Amino acid sequence: MAEETKKKDRGRWFREMKSELKKVVWPNKKTVLKNTGTVLLCSLVIGACIWIFDGVLGSIVQMILSVFGG
């Protein structure tokens, strides 16, 4: 009996999922390209900031180590 209930619940889940997917408004090609460009640009900017910050901190650590003979 529990097995039948699980099968019915699974079937209901798939039916509900299918009906929800019909409600989704998928973006057009222009929107996808615009959003992809935005994500890539932001990733590059953040990556550059991290790279610069790492270089500055690395230089500071090297300077401190050289001053204190580490």
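See above for the structure.
Procedures and definitions
Residues numbered from 1 in each chain as written. Predicted model: local features only at pLDDT ≥ 70, side-chain atom pairs only at ≥ 80, totals over all residues. Heavy atoms only, no water. Helix = DSSP H or I, 4+ residues; strand = E, 2+ residues; numbered from the N terminus. Buried < 20%, exposed > 50% of the residue type's maximum accessible area, 1.4 Å probe, protein only. Salt bridge = Lys/Arg side-chain N within 4 Å of Asp/Glu carboxyl O.

Asker: Which parts of the structure should I look at to understand the environment of Phe53?
Answerer: Inspection of the secondary structure assignment puts Phe53 in helix α2 (residues 29-67). Residue Phe53 is classed as exposed on the basis of its relative accessible area, which comes to 55%. The spacing of Phe53 and Trp26 is 27 residues in sequence and 39 Å in space, taken between C-alpha atoms.

Asker: Mind showing me how you'd approach the pattern of salt bridges here?
Answerer: Side-chain pairs of opposite charge can arise where the charged atoms are in close proximity. Using the criterion set out here, one finds two salt bridges in the structure. For Arg12, the salt bridge is made with Glu16, and the minimal N-O distance between the two is 3.1 Å. Residue Arg12 and its partner Glu16 are located together in helix α1 (residues 2-23), separated by four residues, close to a single helical turn. Residue classification places Glu16 among the partly exposed residues on the basis of a relative accessible area of 39%. The partner of Glu20 in a salt bridge is Lys23, with the nearest N and O atoms 3.2 Å apart. Of this pair, Glu20 and Lys23 are both found in helix α1, three residues apart, which corresponds to roughly one turn of the helix. In this structure Glu20 comes out as partly exposed when scored by relative accessible area, which is 45%. When its relative accessible area of 58% is taken as the criterion, Lys23 is described as exposed.

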